Amino acid sequence: MSNKMFSIEISAELNQIQLIKHYLKKWRPSFVSINNLSETRFEDIVQITNYIKKDLKIPVLVHMSAISKTKDEIITELKTLESYGIHRILALQGNLYHGINIKNDFHYASDLVKFINDYDKSIEIFGTCYPEKHPEAKDLKSDIEHLKIKVNAGAIGLISQICFDNEKVYQFIQKIRKQDINVPVFSGIMPVTKDYQLHWLDHNMISTHGKFDNVNELDQYGVNFSVNQINDLLKHNVDGIHLYTMNDWQTTDAIYDKIKHNFQKKESF
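Read on for a plain summary of the structure. (Residues numbered from 1 in each chain as written. Predicted model: local features only at pLDDT ≥ 70, side-chain atom pairs only at ≥ 80, totals over all residues. Heavy atoms only, no water.)

### A short note on the overall build of the chain
Across its full length, the chain carries nine helices and eight strands. Put simply, of all contacts in the chain between residues at least 6 apart along the chain, 81% involve residues at least 24 apart. Total accessible area computed for the chain in this model is approximately 13500 Å², and 48% of it derives from carbon and sulfur atoms. (Helix = DSSP H or I, 4+ residues; strand = E, 2+ residues; numbered from the N terminus. Contact = heavy atoms within 4.5 Å. Areas by Shrake-Rupley, 256 points an atom, 1.4 Å probe, with all protein chains shown as cover.)

Here is the structure:
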């Protein structure tokens, strides 16, 4: 894989199909991941995924969560995806939310990775990783040990949770390489463009040098912060960038216009 890979995450919003078409044709990401938020129907995810893969000719990862599915339900979804020629999965533990019906077939994302890999070894499975450790992990060391289980179970690549401190990203990558975790890692980036997101920066002791007078000032700050972070990550030769768009097309486009020179020879996986 190239270290100049640019990928994005979007939500499957059928009413935004024209925006998806417009911006994805412009950005031409190496791949797109389609999240499975609690309010999103699986049928909508399949429809958007098939459109991006078939009509836009862009590889797609479909998110698949472990804790809310039985083995039979996972097999049903895999068969549906297979009928559309979709064979790339991002295997997740899944988020807890009000009203979730937790099943007992899979306790960890690594369980789901192994199950999918045993079911069909032709499916390309990605996993996630946490430069600042998974919230449920005792410490980073034990989290990396579990990450190795996930990779050994069949994950061929990793997408990182957002981290605003690049030094923590570099230290994390160094540590996992020492544990012979050698699959590509895509560094997750989420622009901070909303007031409620500012606590993420506070958590990382990153000063914004005062309050913002209006929404445009915060938006511009978030764009510039993400651009600087991405440029530094690429300077340090990370495997790739994964931009969490939250379907904020204008903000994502503003970031892309400032980093696209890094990706003139983008590669797909």
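### A short note on the packing of aromatic side chains
For the structure shown, the criterion picks out twelve aromatic pairs. Relative to Phe186, the ring of Phe126 has its centre 6.0 Å away and its plane inclined at 45°; by these criteria the two rings are tilted. Of the two residues, Phe126 is situated in strand S5 (residues 124-129) and Phe186 in strand S7 (residues 185-189); the sequence distance between them amounts to 60 residues. When its relative accessible area of 0% is taken as the criterion, Phe126 is described as buried. On the basis of relative accessibility, which here comes to 0%, the residue Phe186 falls in the buried class. (Phe/Tyr/Trp six-rings, centres within 6.5 Å; stacked < 30°, edge-to-face > 60°. Buried < 20%, exposed > 50% of the residue type's maximum accessible area, 1.4 Å probe, protein only.)

### Description of the environment of Ile45
Summarising the element assignment, Ile45 is placed in helix H2 (residues 42-54). Spatially, the C-alpha atom of Ile45 lies 5.3 Å from that of Ala12, the residues being 33 residues apart in sequence.

### Structural notes on the nonpolar core
Formed by 66 residues in total, the largest nonpolar core has its most connected members in Leu24, Ile34 and Ile52. The greatest single-element share of this core, amounting to six residues, is contributed by H2. Residues within four places of Ile34 in sequence aside, it is in contact with Ile10, Ala12, Ile45, Ile48, Thr49, Ile52, Val60, Leu61, Val62 and His63. Judged by nonpolar contacts, the second largest core, of 15 residues, contains Met5, Ile162, Phe186 and Phe225. (Core = buried A, V, L, I, M, F, W, Y, C linked by side-chain atoms within 4.5 Å.)

### Overview of the side chain of Ser226
Along the chain, the position of Ser226 falls in helix H8 (residues 215-235). The contact partners of Ser226, leaving out residues within four places of it in the chain, are Ile189, Met190, Pro191 and Ile255.

### Points about the sheet that holds strand S3 (residues 60-65)
Reading around the barrel, the eight strands line up as S1-S2-S3-S4-S5-S6-S7-S8 and close back on themselves, with parallel pairing between neighbours. Shown here is a sheet whose adjacent strand axes are inclined to one another by a mean of 30°, direction ignored. (Pairing = 2+ DSSP bridges. Axes fitted to C-alpha atoms, helices over the stretch in contact; angles between N-to-C directions.)

### Quick notes on the pattern of salt bridges
With the rule as written, the count across this model stands at ten salt bridges. A salt bridge links Lys114 to Asp118, with the nearest nitrogen and oxygen atoms 2.8 Å apart. With Lys114 and Asp118 both in helix H4 (residues 109-119), this residue pair falls four residues apart, about one helical turn. Here Lys260 makes a salt bridge to Asp257, at a shortest N to O gap of 3.8 Å. Put simply, Lys26, Asp253, Asp257 and Lys260 are held in one network by salt bridges that share partners. (Salt bridge = Lys/Arg side-chain N within 4 Å of Asp/Glu carboxyl O.)

Honestly, that's just the spatial picture; any functional story needs more than this.
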